[in-house]
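# Architecture and fold: a report
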Amino acid sequence: MPPTYRSTGAGSRAAVLDPASLPGSDRRLEVYVIYTDVPATLAALRAAGELASQLHAKIHLLVPHVVPYPRPLESPAVSFEFIENRFRTLAGGQSVETDVQVCLCRDRKEHLISALTPNCVAVLGEKTRHWGPRWLGRWLPGKERKLAKALERRGVHVVLVSV
């Protein structure tokens, strides 16, 4: 049985693959939102919510929390429960099922590269940084764009949301 597609809305020319029509696909699609900072992550959560509702997917908010080397990895400076509750509150306003995953790590980029599998979808919020007169349209790539490029080299499908 071939996969089926459904329209994304009235008058839309785009169609979305219906994941339930794929053979042997009894699991839901997953969309990963990577925490960068609060405003950018909120924008990424909104975009991921729209995407996940169209695809009947689940959202995972990945929060890599860097623990500096003098401290043991198991004991960050801030309690793990406090960090987790903070991000559960941040993700609480979603209409789509959202899971918060706080990860204690030494290197944020390396952890995300190893945690995300190839062909998954990740949504990343970024702040646009301009230099010079705005009418020239010059912008500087920030750490979020560099992370997105590293994830794309690994095979992750990245959606950048500008704030």
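First, a word on scope: everything that follows refers to the structure included in this document.

## Thoughts on the pattern of salt bridges
Under the counting rule described, the total for this entry stands at four salt bridges. Note that Glu84 is salt-bridged to Arg88, the shortest N-O span being 3.1 Å. With Glu84 and Arg88 both in helix α2 (residues 80-91) and four residues apart, the pair spans about one turn of that helix. The class of Glu84 is partly exposed, set by a relative accessible area of 21%.

## Focus: the pairing of strand β5 (residues 98-105)
In this structure, strand β4 (residues 58-66) lies alongside β5, joined through eight bridges in parallel fashion. Paired with Val66 across the strands is Cys105, a residue of β5. For the crossover that starts at β4, traverses α2 and ends in the parallel β5, the hand is right-handed.

## Considering the side chain of His60
Note on placement: His60 falls in strand β4. Of the polar contacts made by the side chain of His60, one reaches the side chain of Glu30; its length is 3.4 Å. In contact with His60, not counting residues within four places along its chain, are Glu30, Val31, Tyr32, Val33, Asp99 and Gln101.

## Things to note about the environment of Leu147
Turning to its location among the elements, Leu147 is positioned in helix α4 (residues 143-153). Along the primary structure Leu147 and Leu124 are separated by 23 residues, whereas in three dimensions their C-alpha atoms are 9.1 Å apart. Sequence-distant contacts of Leu147, defined by excluding residues within four places in its chain, comprise Ile34, Arg108, Lys109, Leu112 and Leu124.

What counts and how
- Residues numbered from 1 in each chain as written.
- Predicted model: local features only at pLDDT ≥ 70, side-chain atom pairs only at ≥ 80, totals over all residues.
- Heavy atoms only, no water.
- Salt bridge = Lys/Arg side-chain N within 4 Å of Asp/Glu carboxyl O.
- Helix = DSSP H or I, 4+ residues; strand = E, 2+ residues; numbered from the N terminus.
- Buried < 20%, exposed > 50% of the residue type's maximum accessible area, 1.4 Å probe, protein only.
- Pairing = 2+ DSSP bridges.
- Right-handed = clockwise from strand over helix to strand, strands pointing away.
- Polar contact = N/O pair within 3.5 Å; in protein donor to acceptor, adjacent residues only side chain to side chain.
- Contact = heavy atoms within 4.5 Å.

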